[in-house]
Amino acid sequence: MTPSKTMGLRAGYTKRKNGTLQLGFTYEQKRYFVYGHTYQECEYKKQERIDQIKNHLLKCNDRITMSEYYDEWQKTRIHQIEDSTKYTNDRRWERMKSIIGNERVARLETHQIVGLRNKLLEELAITTVNDEMTLLNQIMESAIEDKIRLDNPCKSKKLKPIEPDEEASDTYHRALTLEEQALFFKAAKERTFYYEALVFMISTGIRVGELGALKWGDIDYKKNVVKITKTVARISNSEYIIKNKPKTKKSIREIPLSKTAKDALMSQRRKTEILAIDGNIFPTSEGGLLHKGIINAAISNVLEKIELSQKIKIEHFTSHALRATFATRAIEQGMTPQTLKTIMGHSSYKMTMDLYAHVLPNTKQEEMKKIEFVV
């Protein structure tokens, strides 16, 4: 039957010759019609029809596992994200895969994700686990768009990100004591090719990825600063590239050069004999891109030799501890939080203040001696 004119009817409605109402609507790019004697009846039938379509789609996708869906999800994003982001996501997923990889996307529940998070917390820092949960949340949101799920189990209040200050103190990248610092660098000068790189890190607070990306053209001797604009990123198990985009917008910065930092640069120039402004300041011993794995291996090697030769065991640390040590020494010497935030390239003021919170307990006794009250 051909509907009559729609004058006076609600949008989307027409009146049929038999007096009933017809409601037309589009769902998932397809056109549907429902019929009823009242608006309320039509709206009810519309929702009922949409629910039937959703349930059909859900049943069709019910058997898809998390591992299968993750692989498909990554394929759809291949031209939308950088290789380094894909590599990072793949590494994060590998840690989750053994726990929830065989679970069906449509049936994954909040209590399973809570269990996943608790399992990850046994081995990883809280900030890392929060990153894992962020990735899983993105996957679940995509599953809703693909009509595999109706809801996102990651949205539960039980899965609220844990604040960094709730994190156990032993996951904080520790700073070296003055005694450890002196002992380590004395040994490093004699025992590793990367001595100048290590000195430059502890003298500037630079991240190891930023260090590996530095070119001689990034040193401004007139302004007495090093310009941080790039970072080294990992895109496969063995491949690294220089990204012309650092960790965050705040990471683009200029760091003043101390005498120690400039001496390290002069020594490095003599060692590598590279004069081109586009040459890497701190390459590997074989001329490749310097990255975290190489620096951490060099640190471990020095610590091992100290223990063997001097029978002194320094608690193990990684390259990030040099950045934390720089910040600690700066705080101890009275650098303001705002200045330190700028030099470190922190994305938030809270990150800088967390450093102060870790350092101040070690110095508060000495500081209190400066305040004597006469009563």
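For the structure itself, look to the data block above.
All values derive from a computational prediction rather than experimental measurement.

A. View of the overall build of the chain. Each helix and strand in the chain was counted, giving 13 helices and 8 strands. Counting all 375 residues of the chain, 42% fall into the buried class. A sequence separation of at least 24 residues applies to 58% of the contacts in the chain between residues at least 6 apart. For the chain, the accessible area works out to roughly 22400 Å², and carbon and sulfur atoms hold 52% of it.

B. Quick peek at the packing of aromatic side chains. Summed over all chains, the structure comprises 9 aromatic pairs. Measuring from ring centre to ring centre gives 4.7 Å for Tyr 13 and Tyr 39, while their planes differ by 80 degrees; the resulting arrangement is edge-to-face. Placement of Tyr 13 in strand S1 (residues 13-15) and of Tyr 39 in helix H1 (residues 39-60) is noted, with a sequence separation of 26 residues between them. For Tyr 13, a relative accessible area of 2% translates into the label buried. Its relative accessible area of 23% is what places Tyr 39 among the partly exposed residues. Consider the rings of Phe 185 and Tyr 195, whose centres lie 6.5 Å apart with planes at 70 degrees: the pair is edge-to-face. Of this pair, Phe 185 sits in helix H6 (residues 178-191) while Tyr 195 is found in helix H7 (residues 195-204), placing the two residues 10 residues apart along the sequence. Side by side, Phe 185 and Tyr 195 carry an identical accessibility label, which is buried. Taken together through their ring pairs, the aromatic side chains of Phe 184, Phe 185, Tyr 195 and Phe 317 make up a single cluster. Lying across the ring of Tyr 39, Arg 10 places its NZ or CZ 4.0 Å from the centre. Lying over the aromatic face of Trp 216, Arg 269 brings its terminal NZ or CZ to 4.0 Å of the ring centre.

C. How the structure looks around the sheet that holds strand S8 (residues 253-256). Spatially, the 3 strands line up as an open sheet ordered S4-S5-S8, and their pairing is antiparallel. Both outer strands of the open sheet, strand S4 (219-220) and S8, are each paired with one neighbouring strand and no more. By the bridge criterion, 4 bridges tie strand S5 (residues 225-228) to S8 in an arrangement that is antiparallel. Paired with Ile 228 across the strands is Arg 253, a residue of S8.

D. The sheet that holds strand S3 (residues 30-36), seen in detail. Taken in spatial order, the 3 strands of this open sheet run S1-S2-S3, and their pairing is antiparallel. Two strands in the sheet have a free side with no partner beyond their single neighbour: S1 and S3. Averaged over neighbouring strand pairs, the angle between their axes works out to 25 degrees when direction is ignored. Taken together, the 3 bridges between S1 and strand S2 (residues 21-27) define a ladder with antiparallel strand orientation. Bridging across to S2, Lys 15 finds its partner in Leu 21.

E. Structural detail: unusual backbone geometry. Phi at Lys 147 is positive, roughly 60 degrees, even though this residue is not glycine. By secondary structure assignment, the location of Lys 147 is in the loop between helix H5 (126-145) and H6. Its identity is not glycine, yet Asn 224 carries a phi of approximately 60 degrees, on the positive side. Looking at the element boundaries, Asn 224 is found in the loop between S4 and S5. Exposure remark for Asn 224: the relative accessible area of 25% places this residue in the partly exposed category.

F. Representation of the environment of Asn 61 within the structure. You can see Asn 61 is positioned in the loop between H1 and helix H2 (66-76). The buried category is assigned to Asn 61, whose relative accessible area is 18%. Once the C-alpha coordinates of Asn 61 and Lys 147 are considered, the two residues, 86 residues apart in sequence, prove to be 8.0 Å apart. Look past the residues within four positions of Asn 61 in its chain and what remains in contact with it is Asp 146, Lys 147 and Ile 148.

G. Highlighting the nonpolar core. Formed by 47 residues in total, the largest nonpolar core has its most connected members in Phe 184, Phe 200, Phe 282, Ile 295, Phe 317 and Leu 322. Those elements that provide at least two residues to this core are H6, H7, helix H8 (208-213), S5, helix H9 (259-272), helix H10 (292-310), helix H11 (319-332) and helix H12 (337-344). The dominant element in this core, judged by the number of residues it contributes, is H7, at 7 residues. Once you skip the residues sitting within four places of it in the chain, Phe 317 turns out to touch Arg 174, Leu 176, Phe 184, Ile 299, Leu 303 and Leu 322. Judged by nonpolar contacts, the second largest core, of 23 residues, contains Tyr 70, Trp 73, Ile 100 and Val 114.

H. Geometry of the side chain of Glu 196. If you trace the backbone, Glu 196 turns up in helix H7. Among the residues examined, Glu 196 registers a relative accessible area of 7% and is labelled buried. Dropping the residues within four chain positions of it, Glu 196 is found in contact with Ala 264, Ser 267, Gln 268, Lys 271 and Phe 282.

Conventions and cut-offs
Residues numbered from 1 in each chain as written. Predicted model: local features only at pLDDT ≥ 70, side-chain atom pairs only at ≥ 80, totals over all residues. Heavy atoms only, no water. Helix = DSSP H or I, 4+ residues; strand = E, 2+ residues; numbered from the N terminus. Buried < 20%, exposed > 50% of the residue type's maximum accessible area, 1.4 Å probe, protein only. Contact = heavy atoms within 4.5 Å. Areas by Shrake-Rupley, 256 points an atom, 1.4 Å probe, with all protein chains shown as cover. Phe/Tyr/Trp six-rings, centres within 6.5 Å; stacked < 30°, edge-to-face > 60°. Lys NZ or Arg CZ within 6 Å of the ring centre and 35° of its normal. Pairing = 2+ DSSP bridges. Axes fitted to C-alpha atoms, helices over the stretch in contact; angles between N-to-C directions. Core = buried A, V, L, I, M, F, W, Y, C linked by side-chain atoms within 4.5 Å.

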